[in-house]
Amino acid sequence: MDVSRLVLGTMYLGTRTDEATSRSLLDRFLAAGGRTLDTANCYAFWVDPSGHGGASERVIGRWLAAEPSRRERVELATKVGVEPLDVPRADGHPVEGLSAEVVRAGCEASLRRLGVDVVDLFWAHGEDRGTPLEETVEAFGSLVADGSVRRLGVSNHPTWRVERGRALAEARGLEPWTALQLTTSYVHPRPGAAVEGKDHRFGFVTDETVDYVTEHPDLELWAYSPLVQGSYDRPDRPFPQAYRHPGTERRLAVLDDVAQAHGVARSVVVLAWLMASRPEVRPILGVSSVEQLESALRVADVDLAPDELAALDAPT
């Protein structure tokens, strides 16, 4: 497995994860062959005493400034759209949204915090149906045109909105979204079940998502929370209630067999399966310690045999 396909999620850098540990994670990921860092302007407002984001970007910025040559070795991805507002918009929207003004200002602020001249991938973090999609698409496209951003992505949007946004960009001669970020894993919640801690209406990969990405080779799929907050390996982190059904139990039994055969944690096999069975997927690692990162990096040593992939993919 190519470690460079992995993405290091940096949500809690500077908040739950202290500066020293944050830098150790970044150093180890880079040393192992990792390249891509994923952050957001809103990380992590819900645990920051200020009630606002920016801590993660600032930590990454200080890490880059400490050794400027690192910038050439990393791909920086950040997001705009869900930083909370002190006062909701007139339409009641509680977060910043995706207006042209917000997109432009958000990018400029992220560049300052990161201490860079250009962001490699800039995401529309969440939907804003109070702003015309045309305005959002043109705002993002202008950032590529003026050199502030290299690529564009979209997170937590329904497939039809992704398609419409890409079509609008093409019609206007603008850079389209070429990355889609949603959550998926080896086990799945019951259809229609609410998942604790997931309040995005369209945040999950579906069969339609896979079909759409397969039909559009220019579109990468980035998978956040692929390890379901440590539920595969940690007894103190049981799967959310929505994941507890007979299909999950059958899949976990197969996962146990494959993990034991390779001498790795179940989570490592999940990453290997995602990368082997879905070549368009880039898993995002949300780790809080170097030990957790070391475990995940063992995916580089796992080569799943055809019969193992067939067993893992068997209908439940």
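You'll find the structure just up there.
Our subject in this report is the structure included herewith. This one's a predicted model, so the numbers in the text were calculated from it and none came from an experiment.

Considering the sheet that holds strand S6 (residues 177–183)
- If you walk around this closed barrel you meet the eight strands as S1-S2-S3-S4-S5-S6-S7-S8, and the pairing is parallel. Neighbour to neighbour, the strand axes of the sheet diverge by 30° on average, direction disregarded.
- Both strand S5 (residues 149–155) and S6 contribute to a ladder of three bridges, which runs parallel. In the strand pairing of S6, Val 154 is matched with Leu 180.

Section: helix H1 (residues 19–31)
- Relative to the 18 Å expected for 13 residues at 1.5 Å per residue, H1 spans 18 Å between its end C-alpha atoms, a close match to the ideal helical length.
- Of all the residues in H1, the buried ones are Ser 22, Leu 25, Leu 26, Phe 29 and Leu 30. The arc that holds every buried residue of H1, seen down its axis, measures 125°, which confines them to one face. What points out from H1, more than 90 degrees from its buried face, is the exposed set Ala 20 and Ala 31.
- The opening residue of H1, the one whose side-chain oxygen lies 3.3 Å from the backbone nitrogen of Ala 20, is Asp 18.

Focus on the packing of H1 against helix H2 (residues 55–66)
- Where H1 contacts H2, the two axes come as close as 10 Å, and the packing angle between them is 60°. By the angle class used here, H1 and H2 are oblique. Classified by chirality, the crossing of H2 by H1 is right-handed. On H2, the residues that touch Glu 19, Ser 22, Arg 23, Leu 26, Asp 27 and Leu 30 of H1 are Val 59, Arg 62, Trp 63 and Ala 66.
- Among the residues making up the contact of H1 with H2, the classes are represented as five nonpolar, one polar and four charged.

Some details on unusual backbone geometry
- Here the residue pair Tyr 43 and Ala 44 is connected by a cis peptide bond, since its omega of -15° sits within 30 degrees of zero.
- When you line up the elements, Ala 44 lands in the loop between strand S2 (36–38) and H2.
- Its identity as a non-glycine residue notwithstanding, Gln 229 has a phi of 55°, on the positive side.
- One can find Gln 229 in the loop between strand S7 (220–224) and helix H7 (246–262).
- Since its relative accessible area comes to 40%, Gln 229 is described here as partly exposed.

Focus on the pairing of S6
- Judged by how many residues are buried, S6 sits mostly within the fold: seven of seven residues are covered.
- Taking the sense of rotation as the criterion, the β-α-β connection linking S5, helix H5 (residues 159–172) and S6 turns out right-handed.
- Two elements, S6 and S7, share five bridges in a ladder whose sense is parallel. Of the residues in S7, the one forming a bridge with Leu 182 is Ala 223.
- Crossover S6 to S7 through helix H6 (residues 207–215) is right-handed.

Looking at the packing of aromatic side chains
- Counting across every chain of the model gives eight aromatic pairs.
- Here Tyr 232 and Phe 239 contribute two aromatic rings whose centre-to-centre distance is 5.1 Å and whose plane-to-plane angle is 90°, an arrangement assigned as edge-to-face. As far as the burial class goes, Tyr 232 and Phe 239 line up, both buried.
- Connected via pairs of aromatic rings, a cluster forms that spans Tyr 12, Tyr 43, Phe 45 and Trp 46.

Re the pattern of salt bridges
- Under the criterion given, the structure shown has 21 salt bridges.
- Of the charged contacts in the structure, one is a salt bridge between Arg 89 and Asp 128, with a shortest N-O distance of 2.9 Å. Here Asp 128 lies in the loop between strand S4 (119–124) and helix H4 (133–145) and Arg 89 lies in the loop between strand S3 (75–80) and helix H3 (100–114), a separation of 39 residues in the sequence.
- A salt bridge links Glu 127 to Arg 129; its shortest N-O distance comes to 2.8 Å.
- Its relative accessible area of 46% is what places Arg 129 among the partly exposed residues.
- Taken together, the shared-partner salt bridges connect Glu 75, Arg 151, Glu 220 and Arg 282 into one network.

Topic: the nonpolar core
- Counting 80 residues, the largest nonpolar core has Phe 122, Tyr 232 and Leu 304 as the members making the most contacts within it.
- It is helix H8 (residues 266–277) that provides the largest number of residues to this core, a total of eight residues.
- Ignoring sequence-local partners within four residues, the contact set of Tyr 232 consists of Ser 185, Tyr 186, Val 187, Pro 226, Leu 227, Phe 239, Leu 252, Leu 255, Arg 266, Ser 267 and Val 270.
- If you look at the next biggest cluster of nonpolar residues, it comprises eight residues, including Trp 123, Trp 222, Tyr 224 and Ile 284.

Cut-offs used in this document
- Residues numbered from 1 in each chain as written.
- Predicted model: local features only at pLDDT ≥ 70, side-chain atom pairs only at ≥ 80, totals over all residues.
- Heavy atoms only, no water.
- Pairing = 2+ DSSP bridges.
- Helix = DSSP H or I, 4+ residues; strand = E, 2+ residues; numbered from the N terminus.
- Axes fitted to C-alpha atoms, helices over the stretch in contact; angles between N-to-C directions.
- Expected span 1.5 Å × (residues − 1).
- Buried < 20%, exposed > 50% of the residue type's maximum accessible area, 1.4 Å probe, protein only.
- Arc of directions from axis to C-beta.
- Polar contact = N/O pair within 3.5 Å; in protein donor to acceptor, adjacent residues only side chain to side chain.
- Parallel < 35°, antiparallel > 145°, perpendicular 65-115°, else oblique.
- Left-handed = near helix turned anticlockwise from the far one by under 90°.
- Contact = heavy atoms within 4.5 Å.
- Nonpolar A, V, L, I, M, F, W, Y, C, P; charged D, E, K, R; others polar.
- Right-handed = clockwise from strand over helix to strand, strands pointing away.
- Phe/Tyr/Trp six-rings, centres within 6.5 Å; stacked < 30°, edge-to-face > 60°.
- Salt bridge = Lys/Arg side-chain N within 4 Å of Asp/Glu carboxyl O.
- Core = buried A, V, L, I, M, F, W, Y, C linked by side-chain atoms within 4.5 Å.

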